[in-house]
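As a plain string of letters, each chain reads:
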Amino acid sequence: MPRITFVDFSGTERTVEAKAGSTVMEAAMQNGVPGIDAECGGGCACATCHVYVEEEWREIVGPTQPMEEDMLDFASDVRANSRLSCQIEVRPELDGLVVHTPARQG
Ligand code: FES
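Model, not experiment: these values are computed from the prediction.

The subject of this paragraph is the pattern of salt bridges. If you walk through the whole model with that rule in mind, you get six salt bridges. Between D8 and R14 there is a salt bridge; the shortest N-O distance is 3.4 Å. Relative accessible area serves as the criterion here: at 14%, D8 is assigned to the buried category. In this structure, D77 and R79 form a salt bridge, with 2.7 Å as the shortest nitrogen-oxygen distance. A relative accessible area of 48% places D77 in the partly exposed class. A residue is classified by how much of its surface remains accessible, and R79, at 44% relative accessible area, is partly exposed.

As structure tokens, this is what we get:
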């Protein structure tokens, strides 16, 4: 199973195994990773699953989709590498992915 590392704003790393076909948000929730609220449950309707994709992974993860882009307007401290983790599908090639969680969601 692909492994994903979440780094929180204080620098603490948590690496979890994620099922291919699930989402990065689901991997966080299923493994009790703090820093992601996911209030809408993955419907791209809350922007509380905001993460920053580590630079070297941005191209592999892919670009934001138009609906996601609109929702990101509701997130705080949005940067060029911001993504909504419920919109990142776990694929085998994402094994080793590193994402950072923001200091706060929403
Ligand atoms: Fe609500 Fe991702 S969980 S937008």
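Moving on: the sheet that holds strand β4 (residues 82-84). Taken in spatial order, the five strands line up as β2-β1-β5-β3-β4 in an open sheet, and their pairing is mixed. Each having just a single partner strand, β2 (13-17) and β4 make up the two edges of the open sheet. When strand polarity is set aside, the average angle formed by the axes of neighbouring strands in this sheet is 35 degrees.

Attention shifts here to the layout of surface pockets. In this approach the atoms are scanned with a rolling probe the size of a water molecule, which exposes any empty space left behind. In this structure, the largest pocket occupies an estimated 160 Å³ of space. Lining the largest pocket are 13 residues; nearest its centre among them are Y52, R79, T101, P102 and A103. Partitioned by chemical class, the residues of the lining of the largest pocket number five nonpolar, four polar and four charged.

Parameters and conventions
- Residues numbered from 1 in each chain as written.
- Predicted model: local features only at pLDDT ≥ 70, side-chain atom pairs only at ≥ 80, totals over all residues.
- Heavy atoms only, no water.
- Salt bridge = Lys/Arg side-chain N within 4 Å of Asp/Glu carboxyl O.
- Buried < 20%, exposed > 50% of the residue type's maximum accessible area, 1.4 Å probe, protein only.
- Pairing = 2+ DSSP bridges.
- Helix = DSSP H or I, 4+ residues; strand = E, 2+ residues; numbered from the N terminus.
- Axes fitted to C-alpha atoms, helices over the stretch in contact; angles between N-to-C directions.
- 1 Å grid on protein atoms, 1.4 Å probe; cavity = no way out; pocket = protein on both sides within 12 Å on 5 of 7 lines; lining within 4 Å.
- Points joined across faces, edges and corners; volume = space filled by probe spheres on them.
- Nonpolar A, V, L, I, M, F, W, Y, C, P; charged D, E, K, R; others polar.

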